[in-house]
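What follows is the residue order along each chain.
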There are 2 protein chains.
Amino acid sequence: MKEEDGPKMVEKKRSYGQHCTVARALDAVGERWTLLLVRELSTGPKRFKDLLGGLPGIGTNLLAGRLKALEAEGIVRRATLPPPAGSNVYELTGLGGELEPVIVALSRWGARLLDAPGEEDAVSAGWAAVAMRSALGPEASGGRPGTYGFRIDGEAFHVRVGHGGEEVEARQDPAPDPDLIVEGDAETFLAVASRRLSLEEAVQSGTLRTEGEQEGDREAFMAWCKHLIGSAAG
Amino acid sequence: MKEEDGPKMVEKKRSYGQHCTVARALDAVGERWTLLLVRELSTGPKRFKDLLGGLPGIGTNLLAGRLKALEAEGIVRRATLPPPAGSNVYELTGLGGELEPVIVALSRWGARLLDAPGEEDAVSAGWAAVAMRSALGPEASGGRPGTYGFRIDGEAFHVRVGHGGEEVEARQDPAPDPDLIVEGDAETFLAVASRRLSLEEAVQSGTLRTEGEQEGDREAFMAWCKHLIGSAAG
DNA sequence: CGGAATCCTCTTCGATACTG
DNA sequence: CAGTATCGAAGAGGATTCCG
């Protein structure tokens, strides 16, 4: 049973060793940080440094190791951005992109556990994009088609809703042609998103600004928020 | 920053410390073994010993610790079975049951990674029940309403399909009123479920037996199997 | 700048032994 | 049967360094 340490031991991966679909999935993406890494990449390609920023506390060695493992499993791929950027980025492959239902299910379930941000909690506007995208879907009302752009603490992202509330997409980059733009600081934005503060109040007090607002856009945005924090906020 | 060890240190839980729905969910159920434990309980209440059997390699201390943590978070609850059984079991709470979409999403994604069982892989018929339950759903064709009972290697479980393919349920106990019963050994059953062997061949060779079969039941069962192993088997 | 490699400490895991 | 206690092994997580 014991194997001699060859010079190039292939570093066998830890596995649950169960012939089960769930266990097999967790063998691939169940380790610590891995699904959060997929979450980061689910809103678009990212550089190593961006990923470090989006995963506070991970450490460079662990991130590099996770990326390498995911690449070996065909979930993540390295790519070079077209000029003039030309930077090396990591992005999800097709297989990796198909993890979206997993992220969505986790986000929806976790929404009911998420209360107001604690003192020590890190906050990123991009995470709200994932939550918004997950809250939407075929059965969620309020999925009014359109493109909603956000610029929160200088960080841009957008959510695009297709027809019938399906084909929802969240990306961590500026919207090309937004129907509505919401701009402001993360604290206020999160307060609105979790309905601790109404959008009207935030806009009137000047802490949040909107652009290009059409009739009903604001209501559609608020309708999302009803789904962001589940039953907790009543 | 350093805190003195008080006599009743509340044993702070490790957390990603991110104000994000996904991270929050993983704080609760993202540790090693935890989601597999939820999988085990998703097919019905289980005793400590049953859980140990369904999670080979977990170690008793770790299982006890996970159960305690999940109980503290309101995901799992202890219960006593009604007489004459009277045994102590663990079961999912409402909150825990709502993790089902997470299990389903993982199972569906993991299905495409699951190939033929390796030599070292543990096998359990109950896991196939979870895979079958996950493969079904609103959008999966072939969800013919009815109750399908299985007795594989002496282990009984059943899958019940409601109207329109929704309300699918998998339980690790005998079906009360099955429309179709499939009985046999795990190896053959898994071969059929993954379409490496046709049900007809298995029945004709006597390694699998069916009872109470009605017109179309067999076809409905085979239709499931098309979803068990995704694109891999073409 | 992007990322890999090293070192060291701490926590968690995993197997076994032990107790109510 | 249901756990607790224990201990070696493995992984996490910082800091720092090296290399292209």
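Residues numbered from 1 in each chain as written. Chains lettered and ligands numbered in written order. Predicted model: local features only at pLDDT ≥ 70, side-chain atom pairs only at ≥ 80, totals over all residues. Heavy atoms only, no water.

## Section: unusual backbone geometry
Residues other than glycine seldom take positive phi values, yet Asp153(A) does so here, at roughly 55 degrees. Mapped onto the elements, Asp153(A) comes out in the loop between β3 (146-152) and β4 (155-161). For Asp153(A), a relative accessible area of 54% puts it in the exposed group. A positive phi angle, near 80 degrees, is found at Trp33(B), a position not held by glycine. Considering the arrangement of structural elements, one finds Trp33(B) in the loop between α1 (21-29) and α2 (34-41). Owing to a relative accessible area of 5%, Trp33(B) belongs among the buried residues under this scheme. (Helix = DSSP H or I, 4+ residues; strand = E, 2+ residues; numbered from the N terminus. Buried < 20%, exposed > 50% of the residue type's maximum accessible area, 1.4 Å probe, protein only.)

## Looking at the domain arrangement of chain A
All names here are of chain A. What the domain assignment lists for chain A is domain 1 (21-98) and domain 2 (103-233). Each side of the interface is counted separately: domain 1 has eleven residues, and domain 2 has eight residues. At the junction of domain 1 and domain 2, the tally comes to zero salt bridges. Here domain 1 is connected to domain 2 by three residue pairs in polar contact (both at pLDDT 80 or more). The leading source of residues in the side of domain 1 that touches domain 2 is helix α2 (residues 34-41), at four residues. Considering only residue class, the side of domain 1 that touches domain 2 consists of four nonpolar, four polar and three charged. (Domains from an automatic or database assignment. Contact = heavy atoms within 4.5 Å. Salt bridge = Lys/Arg side-chain N within 4 Å of Asp/Glu carboxyl O. Polar contact = N/O pair within 3.5 Å; in protein donor to acceptor, adjacent residues only side chain to side chain. Nonpolar A, V, L, I, M, F, W, Y, C, P; charged D, E, K, R; others polar.)

## Observations concerning the sheet that holds strand β7 (residues 208-211) of chain B
Residue and element names in this part refer to chain B. Here five strands make up an open sheet; going across it, the order is β5-β4-β3-β6-β7 and the pairing mixed. In this open sheet, the two strands that pair with only one neighbour each are β5 (169-171) and β7. Ignoring which end each strand starts from, the neighbouring axes of this sheet average 15 degrees apart. As paired strands, strand β6 (residues 180-184) and β7 are joined by four bridges and run antiparallel to one another. (Pairing = 2+ DSSP bridges. Axes fitted to C-alpha atoms, helices over the stretch in contact; angles between N-to-C directions.)

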